[in-house]
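# Residue-level structure breakdown
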Amino acid sequence: MTIETNEPRGELTVRTGAMPADTNANGDIFGGWVLSQMDQAGGMAGVERAQGRVVTIAVDAMTFIRPVKVGDVLCVYTQVEWVGRTSMKIHIEAWARRFRTHTREKVTDATFTFVAIDENGRPRPVPAEGG
Ligand SMILES: CC(C)(COP(=O)(O)OP(=O)(O)OC[C@H]1O[C@@H](n2cnc3c(N)ncnc32)[C@H](O)[C@@H]1OP(=O)(O)O)[C@@H](O)C(=O)NCCC(=O)NCCS
């Protein structure tokens, strides 16, 4: 987990409302829903960088610092941190914009690893940036 600042790191990639259907028995939003939004956002950033299909191969440890409530807007920021031969590490932060106050608080962050794949689902090299 990175040190919290008041500013998200990376590019705003996914912005979505937290709905009652996404809640657990406490009435808070499931961690799995947040994780899913992060995976989707990372996948979008990965597809853009790899210029084609990617799959998630790994997610590093995650800590949920604060809950997400119904009515909050979840904002997911992505930043490609490292590119290997076929894999990429993408730093992903999830922030909640609170329903009433509109203040923005970090919910969690993680590094996801995506692998670029070909049409047969096998790893393929990530092209050079801008290439
Ligand atoms: C992703 C997948 C195609 C990789 O195939 P593979 O034969 O294991 O590929 P490789 O061993 O050649 O590794 C590919 C890259 O992943 C990296 N990698 C492998 N295991 C890793 C791990 N546990 N963590 C991070 N990176 C990993 C390798 O270092 C390599 O990166 P590089 O080319 O930049 O050096 C295969 O594992 C797969 O299909 N996994 C399922 C993905 C998926 O369905 N995700 C959604 C889950 S529902």
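In this report, we go over the structure that sits alongside the text. (Residues numbered from 1 in each chain as written. Predicted model: local features only at pLDDT ≥ 70, side-chain atom pairs only at ≥ 80, totals over all residues. Heavy atoms only, no water.)

## Observations concerning the packing of aromatic side chains
Quick note on the threshold: To pair, rings of Phe, Tyr and Trp, with the six-membered ring standing in for Trp, must have centres within 6.5 Å; the planes then decide the type, stacked if under 30 degrees apart, edge-to-face if over 60, and tilted in the middle. When the NZ atom of lysine or the CZ atom of arginine is within 6 Å of a ring's centre and also within 35 degrees of its normal, the charge is said to sit over that ring.
Evaluation of the coordinates by the stated rule reveals one aromatic pair. The lysine or arginine in question, Arg 104, covers the ring of Trp 95, its NZ or CZ lying 5.7 Å from the ring centre.

## Here we look at the nonpolar core
To keep it simple, the criterion reads: Definition used in this section: a nonpolar core is a set of buried Ala, Val, Leu, Ile, Met, Phe, Trp, Tyr and Cys residues joined via side-chain atoms within 4.5 Å. Burial classes: relative accessible area under 20% of the type maximum marks a residue as buried, over 50% as exposed, and values in between as partly exposed (1.4 Å probe, protein chains only). Secondary structure elements follow DSSP: runs of H or I of four or more residues count as helices, runs of E of two or more count as strands, with numbering from the N terminus. Any two residues whose heavy atoms approach within 4.5 Å at even a single point are treated as in contact.
Within the largest apolar cluster, 24 residues are counted, with the highest numbers of intra-cluster contacts made by Val 34, Met 38, Val 68, Leu 74, Val 76 and Met 88. Put simply, the parts of the chain that give this core at least two residues each are α1 (31-50), β3 (73-83), β4 (87-97) and β5 (104-116). A total of six residues in this core trace back to one element, the largest contributor, which is α1. In this structure Val 76 touches Glu 11, Leu 12, Thr 13, Val 14, Gln 37, Met 38, Ala 41, Ile 92 and Glu 93, once residues within four positions along its chain are discounted.

## Regarding the side chain of Thr 78
Defined as follows: The term polar contact refers here to a pair of N or O atoms within 3.5 Å; inside protein, the definition further demands a hydrogen-donor-capable atom paired with an acceptor-capable atom, and it admits residues adjacent in sequence only when both atoms are side-chain atoms.
Tracing the chain through its elements places Thr 78 in strand β3. You can call Thr 78 buried: its relative accessible area is 7%. Side chain to side chain, Thr 78 and Thr 13 meet in a polar contact 2.7 Å long. Dropping the residues within four chain positions of it, Thr 78 is found in contact with Gly 10, Glu 11, Thr 13, Ala 41, Gly 42, Ala 45, Ile 90, His 91 and Ile 92.

## Digging into the site of the ligand
What counts is decided by this rule: The criterion for a residue being near a molecule or strand is simple. One of its heavy atoms has to lie within 4 Å of it. Gly is put with the polar residues, along with every residue not named as nonpolar or charged; the nonpolar set is Ala, Val, Leu, Ile, Met, Phe, Trp, Tyr, Cys and Pro, and the charged set is Asp, Glu, Lys and Arg.
The immediate surroundings of the ligand are formed by 13 residues, with Thr 56, Arg 85, Thr 86, Ser 87 and Val 115 found nearest. One of the backbone nitrogen or oxygen atoms of Arg 85 is found 2.8 Å away from an oxygen atom of the ligand. At a separation of 2.7 Å, an oxygen atom of the ligand approaches a polar side-chain atom of Ser 87. Listing elements by their share of the shell around the ligand, those giving two or more residues are β2 (54-59) and β5. Looking at the shell around the ligand element by element, the count peaks at four residues for β2. For the shell around the ligand, a count of residues per class yields six nonpolar, six polar and one charged.

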